[in-house]
Amino acid sequence: MIKQTNPLALALVGAVMVGAPAPAQDTRQNDSYTADLQTLNESGVTGTVTLSPRGRYLDVTYDVMGLEEDQPHAAHIHGLGVKDAACPTASQDTDEDGFLELLEGAAVYGGIIITLGGGDNDIDDDGDGMVSGTVTLDLSAKGNAFTGDATRGDLQPLGRTEIVIHGLTLEENDGTLPGEADGTAGYKAFLPVACGSFERDNDDSLEFRTP
Ligand SMILES: [Cu+2]
């Protein structure tokens, strides 16, 4: 029924429908999915990332803060090879060095489906430690959005996927081998600094049916 996402149009439609029961239209196509970021490795990174599919396109909307400044931060949609991707917890710290490292986390968030951040693999181009705004990915074959052997099917449903953001400077004696936190000082580009599970935004729509 609603084919455009013009905010003004949506606001008008919303105003007309106040008090009316939720329409039984199929909104699946326009559902969005938001991940509340969970800070990893005491990075201080917080925020949200939202995925909004639009036909062959996928809008990725960032509201991320607390990234280390003037360093590249890779970020990926993970979930390849796992049934339902999740954030790593202390039980994934297999080398017991107090850090959740790239490969340790991969046990629960899986491999990379999409590499975010464009050609330079950096979501914080201006280096100010914050990322906001929307980037549109083309999921069609010519869009080349997928990493390695991943395909559009690996994104389905979006609620099984996860975002992981990487990159943090460590000090000497932070962590032990193996992994990025290996006791040496320096910028660890692959160390996870935040993750979040994408959840459908309108899962609370049942509330509107409560009298
Ligand atoms: Cu990643």
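From a predicted model like this one, the values you see are computed outputs, not experimental measurements.

Caption draft 1: Geometry of the confidence of the model for the protein chain. Chain-level statistics for the protein chain give a pLDDT mean of 87 and a share of 82% at 70 or above. Across residues 1-27 the pLDDT falls below 50, and counting only partners more than four positions away or on other chains, this stretch makes 9 contacts in the model.

Caption draft 2: Up close: unusual backbone geometry. Each neighbour pair has its own omega, and for Gln-156 with Pro-157 the value is -15°, a cis peptide bond. In this structure, Pro-157 sits in the loop between β7 (131-138) and β8 (162-170). With an omega dihedral of 0°, the bond running from Leu-177 to Pro-178 counts as a cis peptide bond. Following the sequence through the fold, Pro-178 ends up in the loop between β8 and β9 (186-197). Despite not being glycine, Asp-70 has its phi angle at roughly 55°, a positive value. Relative to the helices and strands, Asp-70 is located in the loop between β4 (57-65) and β5 (75-80). Using a count of 10 C-beta atoms within 10 Å as the deciding quantity, one classes Asp-70 as exposed.

Caption draft 3: Representation of the nonpolar core within the structure. Core analysis: the largest hydrophobic core is formed by 41 residues, its most contacted members being Ile-113 and Ile-163. When residues of this core are traced back to their parent elements, those giving at least two are β1 (33-36), β3 (46-54), β4, β5, α2 (102-109), β6 (111-116), β8 and β9. In contact with Ile-113, not counting residues within four places along its chain, are Ile-77, His-78, Gly-79, Leu-80, Phe-146, Thr-147, Ala-150, Asp-154, Leu-155 and Thr-161.

The rules we used
- Counting restarts for each chain, with residues numbered from 1 along the sequence as it is written.
- Residue-level local features of this predicted model are given only where pLDDT is at least 70; pairs of side-chain atoms are given and counted only at 80 or more, and the full residue set underlies all totals for whole chains, interfaces and linings.
- pLDDT measures the predictor's confidence residue by residue and takes values from 0 up to 100.
- Here contacts are defined at the residue level, using C-beta atoms placed from the backbone and a cut-off of 7 Å between them.
- Secondary structure follows DSSP: runs of H or I at least 4 residues long count as helices, runs of E at least 2 residues long count as strands, and numbering of each begins at the N terminus.
- For the exposure call, what matters is how many other C-beta atoms sit within 10 Å of a residue's own: 20 or more marks it buried, 12 or fewer exposed, and in between partly exposed, using C-beta atoms placed from the backbone.
- In this usage, the nonpolar core is the set of buried Ala, Val, Leu, Ile, Met, Phe, Trp, Tyr and Cys residues whose C-beta atoms join them within 7 Å.

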